[in-house]
Amino acid sequence: MNQTAEIDVQDIDHLGIIAGIVDEIGMVEIINDLLGTHPQEQVSAGHVVKALILNCLGFLSAPLYLFHQFFEGKATEHLIGPGVKPEHINDSRIGRVLDKLWCYGLTSVFVTIALAAVKRFGVSSQSVHLDGSSFGVHGKYLDSLQKTPAGESLNTEPSLRQENPGQDNPKSKESSSPVPIEITYGYSRDHRPDLKQYTLTLLTSGDGDVPLSLRVGNGNDSDQAVFTEVIEQFKQQWIAAEPKVFVADAALYSEENLKRLEDTPWISRVPGTITEVQQLMQALPAQMFTPSTCSGYIMYEVCSIYAGMPQRWLVVESQSRQQADLKQLDERVAQQQTKSLKALAQLEAHPFACSADALAAAQGFAKKLKYHLLVDIKTKTKPRYAQRGRPRKGDSPSHYTYHVQGTLVLNEQVLAAHRRQAGRFILATNLLDDQKLSNDAILQEYKNQQSCERGFRFLKDPLFFASRVFVKSPQRVAALAMIMGLCLLVYSLGQRQLRQALADAHATIPNQLGKETAKPTLRWVLQCFQSVHLVWLEGLKWTIKLTDQQRHILRFLGSACEKYYFLC
């Protein structure tokens, strides 16, 4: 009698690539070493974090309480570890791991993993870019310090805070009782003031946009208040080569922050609200600028002392931005002219008791004009009669009222200054030796500040993660935000590794349009690995069918990724 062979088909898709990058970093081992393991646990904390990353980068938004359903039908043991079943990765186990991560210290965990990744992948940290953003959350989050009706803290597992009361946790590098974040209302970068939020501050490398550190903060934290704290903490924790310069936007540039960063090399954009900045950008004639090696930019160097510190100021003019600024200026002038004409009509209709009052009102109105002048100012008298209606012949006016008359014209001097300012901004640095850091290098480093912006766009992309997730406590929200940062780390390293391998081999792969490219996005590469399956025969891994294109791509992703697709 013939027996039917037992065949099982499980999905791998692009998750083998993600799992391979996680393995190459050594993330599972690092987390297990930091948080510890227990012989009775079915799945370790490191494997839970790996599963979270696979879910996050799985192109599927799944709430945590449906998390195990994401792995149903997938090759869980093949991707995560032997003996790991979908039902082992449930919301209860995930919640406990998130609590342990938070209690250890999220920034410490992240920096430890980032240090290992930088060493393994050879990422340069000579220049570090700093930026922050906000993330809205859904659900009614209470104040982190608020008590429950029974008087208990919202932290449901106090034993996780301190392993042995009265003693510091030997595993933790941070305080044994970290302060929970406050999920509350604040300035929303996503223009969602109706949502409570938390903030996230990122430090990324100029080499491949790789995140090196992160800080999860309160929903109403301001970048200006936390940037120096983040830099100081990073310098204490980063045991690799110290960065040669920190790059940030205008939020870093304040008198207090610059004094705190006296011994730290930095590049920052100078806020345009400073009077000296506005005057400098408006006064400099175009012939004083010199071309930059960065295409489309010209610049002029100025020595400055701000907050008692000598600095190099670099006045930069962007041609592309100049055109946009001039267009916006014309729109603002037109809008202001409409408002000013309406206000002038109201002023001309307003009666005054004497000519002096009318002229004083006209002068006050003229002072408020931004782009216009009020010229040909004069007053006109109008007779007023005691009785309403049309006066009869021979009636004498009871009194006279005075009315302003004037003409609104463009203030060409002011407009010329604004036109000179168009497309200009100022970069500052405390690195005074242009032999160590040239003006062109300053501009290029600031242009690379987009690495942080790209990171935040990735984290907010709904294809990569579900923003509409409600977890039990602010501590778990913070831990989940750190997991999102690890996903960005994995994605950035994978993309950097792929592009470097293609460049070294002088090779290309087809992009979405079928054209060859040496700089593909990892997102596109992951999409190329849809519908990849692992076939089990009689309980043994039998085969994984790949296309020629998939085999070609795997050549450049390294052996850690290949092992999930090539069984031999």
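These figures come from a predicted structure and were not determined experimentally.

Basis of the calculations
- Residues numbered from 1 in each chain as written.
- Predicted model: local features only at pLDDT ≥ 70, side-chain atom pairs only at ≥ 80, totals over all residues.
- Heavy atoms only, no water.
- 1 Å grid on protein atoms, 1.4 Å probe; cavity = no way out; pocket = protein on both sides within 12 Å on 5 of 7 lines; lining within 4 Å.
- Points joined across faces, edges and corners; volume = space filled by probe spheres on them.
- Helix = DSSP H or I, 4+ residues; strand = E, 2+ residues; numbered from the N terminus.
- Nonpolar A, V, L, I, M, F, W, Y, C, P; charged D, E, K, R; others polar.
- Phe/Tyr/Trp six-rings, centres within 6.5 Å; stacked < 30°, edge-to-face > 60°.
- Buried < 20%, exposed > 50% of the residue type's maximum accessible area, 1.4 Å probe, protein only.
- Arc of directions from axis to C-beta.
- Contact = heavy atoms within 4.5 Å.
- Salt bridge = Lys/Arg side-chain N within 4 Å of Asp/Glu carboxyl O.
- pLDDT = per-residue confidence, 0-100.
- Pairing = 2+ DSSP bridges.
- Axes fitted to C-alpha atoms, helices over the stretch in contact; angles between N-to-C directions.

**A look at empty space enclosed by the protein**
Summed over the entire model, instances satisfying the criterion amount to two cavities of 30 Å³ or more. Approximately 30 Å³ is the volume attributed to the second largest cavity. Around the second largest cavity sit Arg189, Thr199, Thr201, Arg215, Asp221, Asp223 and Val226, which together line it. Put simply, the parts of the chain that give the lining of the second largest cavity at least two residues each are strand S3 (196-205) and helix H8 (223-237). Across the lining of the second largest cavity, the residue classes break down as one nonpolar, two polar and four charged.

**Focus: the packing of aromatic side chains**
Inspection of every chain in the model, using the stated rule, returns ten aromatic pairs. Both rings, one in Tyr253 and one in Trp266, keep their centres 6.0 Å apart while their planes meet at 75°; by these two values the pair is edge-to-face. In this pair, Tyr253 is assigned in the loop between strand S5 (245-248) and helix H9 (255-260) and Trp266 in strand S6 (residues 266-269), connecting sequence segments 13 residues apart. Using a relative accessible area of 1% as the deciding quantity, one classes Trp266 as buried.

**Quick look at helix H15 (residues 450-459)**
Looking only at H15, the buried set comprises Ser451, Cys452, Gly455, Phe456, Phe458 and Leu459. The arc that holds the buried residues of H15, viewed along the axis, is 155°, so those residues lie on one side. Buried positions along H15 lie against strand S2 (127-137), S3 and helix H16 (474-504).

**Focus: the side chain of Gln449**
Looking at the secondary structure, you find Gln449 in the loop between helix H14 (439-447) and H15. On the basis of relative accessible area, Gln449 is assigned to the buried category, the value being 4%. Apart from residues lying up to four places away in sequence, Gln449 is in contact with His129, Leu130, Asp131, Val247, Ala248 and Asp249.

**Things to note about the pattern of salt bridges**
Counted according to the given criterion, the structure contains 20 salt bridges. Residues Asp209 and Arg454 are paired through a salt bridge, measuring 2.8 Å at the closest nitrogen-oxygen approach. Taken as a pair, Asp209 in the loop between S3 and strand S4 (211-217) and Arg454 in helix H15 lie far apart in primary sequence, 245 residues in all. Residue class for Arg454 comes out partly exposed when judged on its relative accessible area of 33%. Ionic contacts of the salt-bridge type, sharing partners, join the residues Asp23, Lys50 and Lys563 into one network.

**Re the confidence of the model for the chain**
Predicted confidence across the chain gives a mean pLDDT of 86, with 89% of residues reaching 70 or more. Counting contacts from residues 144-176, a segment whose pLDDT is below 50, to residues more than four positions away or on other chains yields 50 contacts.

**Regarding the sheet that holds S5**
The nine strands lie next to each other as S4-S3-S2-S5-S6-S12-S9-S8-S7, forming an open sheet whose pairing is mixed. Looking at which strands have only one partner, the edges of the open sheet turn out to be S4 and strand S7 (290-291). Here S7 pairs with strand S8 (residues 297-306) via two bridges, running antiparallel. From the neighbouring strand, Pro291 faces S8, where its bridge partner is Ile298. In the packing of H8 onto the sheet, contacts are made with S2, S3, S4 and S5, and the angle to S2 comes to roughly 130°.

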